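This is what each chain is made of:
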Amino acid sequence: MGINIDFEYEFPDLAHFLGRENTAELSHLMQLREIPAGMTLIDEGATVDAFMLIFSGEFNVEVSNRDKSLLLGQLGKGKWVGEVSYFTGDGLSTAKVYAVVDSSVLELKHADFVMTQTRHPMLASMLIQHFGELMAKRLRNSNQAFEQIGEQKLALMLASNEAGIKDNWLIAMLKKLTGIEV
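For the structure given in this document, a descriptive report is provided here. (Residues numbered from 1 in each chain as written. Predicted model: local features only at pLDDT ≥ 70, side-chain atom pairs only at ≥ 80, totals over all residues. Heavy atoms only, no water.)

What follows is about the nonpolar core. Counting 23 residues, the largest nonpolar core has F7, L26, M30 and L106 as its most contacted members. Listing elements by their share of this core, those giving two or more residues are α2 (12–18), α3 (20–29), β3 (50–56), β8 (103–109) and α6 (121–149). Judged by nonpolar contacts, the second largest core, of 16 residues, contains I35, I42, I54 and F59. (Core = buried A, V, L, I, M, F, W, Y, C linked by side-chain atoms within 4.5 Å. Buried < 20%, exposed > 50% of the residue type's maximum accessible area, 1.4 Å probe, protein only. Helix = DSSP H or I, 4+ residues; strand = E, 2+ residues; numbered from the N terminus.)

Here it is, written out as structure tokens:
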């Protein structure tokens, strides 16, 4: 286990946040995984067993319903995927993530992270804080996007399910986030 990657060079913000000792421990826990262009890293609704830090390349993130897909965005080097599945407790992915070009990720297995909470509590605590800030930022960005769409248009879209959203929990979450009652 472990990789020989200079985190301070490759991921300076993360290395600075974690500090030298925690960064060294994290690199010891991670494995490099190559993902060819077009390959799915995470299937929507599938069980995810690792946090993945994008080391190189680009990944599309999308959600789908029947025959329609909605591209949520592209992620590149230094971005994490797989964290939501850990913190929701069910281990299931909320979106599909696939490589646009030949790419690679550094994986931290959820089981290793659980072990880290006992053996290296400071690292685990800092990663939890980091993931919390990441998910809060994503939520804030989603809220800003909803504001740009406009409440009325969003209300109509949700009421008629114009976006083709298949999961009732997502519709309920969008309504709750926007305060819309339809």
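Now that the structure has been shown, we can carry on.
So, on to the sheet that holds strand β5 (residues 68–75). Across the sheet, which stays open at both edges, the four strands sit in the order β2-β7-β4-β5 with antiparallel pairing between neighbours. Each of the sheet's edge strands pairs with one partner strand only, and the pair in question is β2 (40–42) and β5. Here the average twist between neighbouring strands, direction ignored, is 35 degrees. With four bridges connecting them, strand β4 (residues 59–65) and strand β7 (residues 96–99) associate as antiparallel partners. Residue pairing for β7: F59 is matched across the bridge by A99. (Pairing = 2+ DSSP bridges. Axes fitted to C-alpha atoms, helices over the stretch in contact; angles between N-to-C directions.)

Summed over the entire model, instances satisfying the criterion amount to ten aromatic pairs. With a centroid separation of 5.3 Å and 90 degrees between ring planes, the pair formed by Y86 and F113 is classed as edge-to-face. Of the two residues, Y86 sits in helix α4 (residues 83–88) while F113 sits in helix α5 (residues 110–119), which places them 27 residues apart along the sequence. The exposure class assigned to Y86 is partly exposed, which follows from its relative accessible area of 21%. Among the aromatic residues, those joined into a cluster by ring pairs are F51, W80, Y86, F87, F113 and F131. Here K77 stacks its cationic end above the ring of F11, 5.8 Å away from the centre of that ring. Taking NZ or CZ as reference, K77 lies 5.5 Å from the ring centre of F55, over its face. (Phe/Tyr/Trp six-rings, centres within 6.5 Å; stacked < 30°, edge-to-face > 60°. Lys NZ or Arg CZ within 6 Å of the ring centre and 35° of its normal.)

Any functional reading would require information that these geometric values do not contain.
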